[in-house]
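Here's the letter readout for the chains.
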Amino acid sequence: MFEVRPVEIEKREDGSIRVAWSNGHEGIYPAAYLRENCHCASCIEEWTGRKMIEPEAIPNDIRPLRISAVGQYAIHIEWSDGHSTGIYAFDLLRSLCPCPSCVSERAARLPDGPQRP
Ligand SMILES: [Zn+2]
Ligand SMILES: [Zn+2]
């Protein structure tokens, strides 16, 4: 069980995705950012956790084509670049929240976190 889960997931006109959480938190995820942080087997090396996706390889106009629920724990995103194996567990999605308060919270906790500056 997860403490928080999305209660609303919305594709916005500019391609970003808005997620509203059951605890009232809300985050807007730019499409390219989420695409870059895909944790599927072809984007992350299984043994090392190394990212195998080049940020430069992500099209600027990347868009989520379809977002669907995976059981009670994750969402599946089909991307406009043809990548369709992306599964984002709720806890991953939560930890990727790019809103200023989450970013500064993470920065305080993990100085070497995987997030962009
Ligand atoms: Zn992937
Ligand atoms: Zn946040």
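In the block above lies the structure referred to throughout.
Residues numbered from 1 in each chain as written. Chains lettered and ligands numbered in written order. Predicted model: local features only at pLDDT ≥ 70, side-chain atom pairs only at ≥ 80, totals over all residues. Heavy atoms only, no water.

Colleague: What should I look at first to understand the coordination of the zinc ion (ligand 2) in this one?
Modeller: Note on metal geometry: ideal angles are 109.5 degrees for four donors arranged tetrahedrally and 90 or 180 degrees for six donors arranged octahedrally. Only His25 (NE2), Cys97 (SG), Cys99 (SG) and Cys102 (SG) from the protein reach the zinc ion (ligand 2) as donors, at distances of 2.0 to 2.3 Å. Considering all four donor atoms around the zinc ion (ligand 2), the spread of angles at the metal, 102 to 116°, places the coordination shape in the tetrahedral class. One chain supplies every donor for the zinc ion (ligand 2), spaced along it as H-x71-C-x1-C-x2-C. (Donors = N, O, S within 2.8 Å, 3.2 Å for Na, K, Ca; no water. Tetrahedral: all angles 85-135°; square planar, octahedral: opposite > 155°, others 65-115°.)

Colleague: I keep staring at the side chain of Arg35 and nothing clicks. Help me out?
Modeller: By the secondary structure assignment, Arg35 is in helix α1 (residues 31-36). Polar contacts involving the side chain of Arg35 include one to the side chain of Asp81, which spans 3.0 Å. The contacts of Arg35, once residues within four sequence positions are left out, are Cys43, Ile53, Ile58, Ile62, Trp79, Asp81, His83 and Tyr88. (Helix = DSSP H or I, 4+ residues; strand = E, 2+ residues; numbered from the N terminus. Polar contact = N/O pair within 3.5 Å; in protein donor to acceptor, adjacent residues only side chain to side chain. Contact = heavy atoms within 4.5 Å.)

Colleague: Would you explain the environment of Lys51 in this entry?
Modeller: Note that Lys51 resides in the loop between α1 and β4 (64-70). C-alpha of Lys51 to C-alpha of Tyr29: the two residues are 22 residues apart in sequence and 19 Å apart in space. Engagement of the side chain of Lys51 in a polar contact is seen with the side chain of Glu36, the distance being 3.4 Å. Here the side chain of Lys51 touches Asn37 through a polar contact of 3.4 Å, side chain to side chain.

Colleague: Mind showing me how you'd approach the coordination of the zinc ion (ligand 1) here?
Modeller: Surrounding the zinc ion (ligand 1) are the protein donor atoms Cys38 (SG), Cys40 (SG), Cys43 (SG) and His83 (NE2), which sit 2.1 to 2.3 Å from the metal. Every donor counted, the four donor atoms about the zinc ion (ligand 1) form angles of 102 to 115° at the centre, which fits tetrahedral coordination. Here the donor residues for the zinc ion (ligand 1) map to a single chain with the spacing C-x1-C-x2-C-x39-H. Here His83 lies in the loop between β5 (74-79) and β6 (86-89) and Cys43 lies in the loop between α1 and β4, a separation of 40 residues in the sequence. What makes Cys43 buried here is its relative accessible area of 2%. (Buried < 20%, exposed > 50% of the residue type's maximum accessible area, 1.4 Å probe, protein only.)

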